[in-house]
Amino acid sequence: MGMTITEKILARHSAHEKVSPGMLINAGLDLIMCHDVTTTPAIDMLKKQGIQKVFDPRKIVIMPDHFVPNKDIKSAEMIRKIRLWARENGIDAFYELGRHGVCHALLPEQGYVLPGMTIVGADSHTCTHGAFAAFSTGIGSTDLAAALATGELWFKVPSSLLFRIRGKLPKGVYAKDLILEIIRRIGVDGALYRAMEFRGDTVENMGMEERMTLCNMAIEAGAKSGIIAADQVTAKYLQERGIENYSQVESDPDAVYEKTYEIDTGSLEPLLAFPHLPSNVRPVSEIKEKIPVDQAYIGSCTNGHISDLRIAAQILKGKKVASGTRCIVVPASTEIWKQANREGLLDIFTEAGAAVSTPTCGACLGGHMGILAAGERCVSTTNRNFVGRMGSPDSEVYLASPATAAASAICGYICDPRTCLEEKS
Amino acid sequence: MKAHVYPRNDINTDEIIPARYLNMDREEDLAAHAMEDIDPKFVKKVSEGDLIIAGENFGCGSSREHAVWALRGAGIRAVVADSFARIFYRNCINNGFLAIECPGISEMIDDSSEIEIDLKSAEIIELRSGKRYPFKPFPEFVKAMISAGGLMKKVRQQLAEKGLA
Ligand code: SF4
């Protein structure tokens, strides 16, 4: 019996010839990602146990993003504490404001993520990096402290679910719509404790950013990780970052999956996750009433990539954000911001009446820079629409693709992006 | 122990401790806001040693361990749920905090019932009726973690054995 990519990576890192779902293992870690919110408690735990040194400063990357630029005095103190600790420990990879970005966009962009790696990050969306055929999963602060001290962690080997996705994405339909469709089908706990492996020609035809969007939301189905085999597209992305050597890993033809889902994209439409669950999904075309929008938010680790901004700009170009609606655009990293600037996208946004912010998690988690008041409604390209996620517990978040968010910003109510795209072509 | 029953599924860590309080990480500071977006009266209702009973996928969403600390700080000693989200469950174990999976429990127990947890027999006992609800016993590995007082104590031991700390 063969192994899945996930099982192979975990076997290699735990000195087992073979692992199977349910096995408890200790796996060595190739990369540990830290951000501002979850790292300070880990530092305190290390200090409390008298652990002076991290296991290997070269395998640790620190990317403050949630409350940057410093939101208030408390968050300024938190980030300062991490900065000083990083210095004491000789951790050079600290992404200071000005080189910063949302961790899950920045980590691959800076060439840290390679196929075959084991990666943990003290953030639930660390599953994003599975797009590069790495085993990558989110952890809490205690796990982070243990990982920083020892370079290994305990895992229960997950069983894998295979998603075989075929067909071209219709016009106005994007990776975001596809993952919303998957979560609609299997539910917010449909992949609980499991690895979601995405395969098929739809995935092969996607760029790395779209693949990241897919894996990013694996956690919204409860998954431990998402994963996609590396191919030419992966190789090209890495080559552009000067990376040629990495291990090849693929699922065996006789690997065992707990379940296989067949998905045909031909009939997919632009989708929207209604409050307050990512699985509460309906096609935009079925919405007959006009649902007014107070804020459209385009950004986050899910959809703040350059390709996402290009799609939003395509729709916003020469248009105006509806009066009564605010539109916030947040490029996910400094490099993306600069690229958007070079391509004139930032001009398109600001001319349309959208506000462009420096990269930050900010409003995505209800932190700052775009918080919702009670009774307000936001169409957002982020990944969670839980109660109070972007502000008041009495506000509402609707999850959508950048195209749907941009189109809704122009209309002032939730609308089908295909109408805007048709107008343009 | 008094049971505070929230039978809903998918109670997420944003509700257990909203992001607006994540600029703090001390248990006592977080405790004041535990479960605030689900039940603003929660903190007042809870006495030291109480437990929460909830539906499926408890603790889904963000990896913030602050959710565990807020509950523990508020006096909660255990969460018994139909099922748990993965990262929250891990965070509980790593903190030596009891997260007990007991499918169907959210529909069996009335709010404010007095409950006892028998770890040896792996049962939840409803004191008034004397009814017992079995749960899946913890694996040895988890038991060891809980009795060691959490993952960091174990790590410290490990490093000491290797002469590294
Ligand atoms: S952008 Fe949102 S979902 Fe992504 S890491 Fe930041 S807060 Fe989390």
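For the structure, check the block above.
Report follows, based on the coordinates. (Residues numbered from 1 in each chain as written. Chains lettered and ligands numbered in written order. Predicted model: local features only at pLDDT ≥ 70, side-chain atom pairs only at ≥ 80, totals over all residues. Heavy atoms only, no water.)

### Some thoughts on the nonpolar core
Reasoning step 1: Among the nonpolar cores identified, the biggest contains 97 residues, and B:Phe42, B:Ile52, B:Phe58, B:Leu71 and B:Ile124 are the most heavily contacted of them.
Reasoning step 2: Here the element with the most residues in this core is helix H5 (residues 141–150) of chain A; it accounts for 6 residues.
Reasoning step 3: One finds A:Ile219, A:Tyr246, A:Ile263 and B:Ile87 within the second-largest nonpolar core, a separate group that totals 65 residues. (Core = buried A, V, L, I, M, F, W, Y, C linked by side-chain atoms within 4.5 Å. Buried < 20%, exposed > 50% of the residue type's maximum accessible area, 1.4 Å probe, protein only. Helix = DSSP H or I, 4+ residues; strand = E, 2+ residues; numbered from the N terminus.)

### Description of helix H9 (residues 232–239) of chain A
Helical geometry note: an α-helix holds 3.6 residues per turn, so side chains three or four residues apart project in the same direction.
All names here are of chain A.
Reasoning step 1: Considered for burial, the residues of H9 that qualify are Thr-234, Ala-235, Tyr-237 and Leu-238. The buried residues of H9 occupy an angular sector of 165 degrees when projected down its axis, which confines them to one face. Opposite its buried face, H9 presents the exposed residues Gln-232 and Lys-236, each directed more than 90 degrees away.
Reasoning step 2: Lining the buried residues of H9 we find helix H4 (103–109) and helix H8 (208–216).
Reasoning step 3: The distance from a side-chain oxygen at the start of H9 to the backbone nitrogen of Val-233 is 2.9 Å, and the residue carrying that oxygen is Asp-231. (Arc of directions from axis to C-beta. Contact = heavy atoms within 4.5 Å. Polar contact = N/O pair within 3.5 Å; in protein donor to acceptor, adjacent residues only side chain to side chain.)

### Topic: the sheet that holds strand E5 (residues 135–138) of chain A
Residue and element names in this part refer to chain A.
Reasoning step 1: Read from one edge of the open sheet, 4 strands run E3-E2-E4-E5, paired in parallel fashion. The open sheet terminates on both sides in strands that have one partner only, identified here as strand E3 (60–62) and E5. Neighbour-to-neighbour, the strand axes of the sheet open up by a mean angle of 15 degrees, direction not taken into account.
Reasoning step 2: Here 3 bridges tie strand E2 (residues 31–34) to E3, and the two strands are oriented parallel to one another. (Pairing = 2+ DSSP bridges. Axes fitted to C-alpha atoms, helices over the stretch in contact; angles between N-to-C directions.)

### Considering the packing of aromatic side chains
Reasoning step 1: Summed over the entire model, instances satisfying the criterion amount to 13 aromatic pairs over all chains.
Reasoning step 2: Between the aromatic rings of A:Phe132 and A:Tyr237, the centroid separation amounts to 5.1 Å while the plane-to-plane angle is 65 degrees, which identifies the pairing as edge-to-face. One end of the pair, A:Phe132, is in the loop between strand E4 (118–121) and E5; the other, A:Tyr237, is in helix H9, with 105 residues separating them in the sequence. Of the two residues, A:Phe132 and A:Tyr237, neither departs from the other in class, the shared state being buried.
Reasoning step 3: Both rings, one in B:Phe58 and one in B:Phe88, keep their centres 5.3 Å apart while their planes meet at 75 degrees; by these two values the pair is edge-to-face. Taken together, the residues B:Phe58 in the loop between strand E2 (51–54) and helix H4 (66–73) and B:Phe88 in helix H5 (residues 86–94) connect sequence positions 30 residues apart. Judged on exposure class, the residue B:Phe58 and its partner B:Phe88 are both buried.
Reasoning step 4: One aromatic cluster in this structure is built from B:Phe58, B:Phe84, B:Phe88 and B:Tyr89.
Reasoning step 5: Stacked on the ring of A:Phe67, the Lys or Arg A:Lys71 has its end atom at 5.2 Å from the ring centre.
Reasoning step 6: Lying over the aromatic face of A:Tyr95, A:Arg99 brings its terminal NZ or CZ to 4.7 Å of the ring centre. (Phe/Tyr/Trp six-rings, centres within 6.5 Å; stacked < 30°, edge-to-face > 60°. Lys NZ or Arg CZ within 6 Å of the ring centre and 35° of its normal.)

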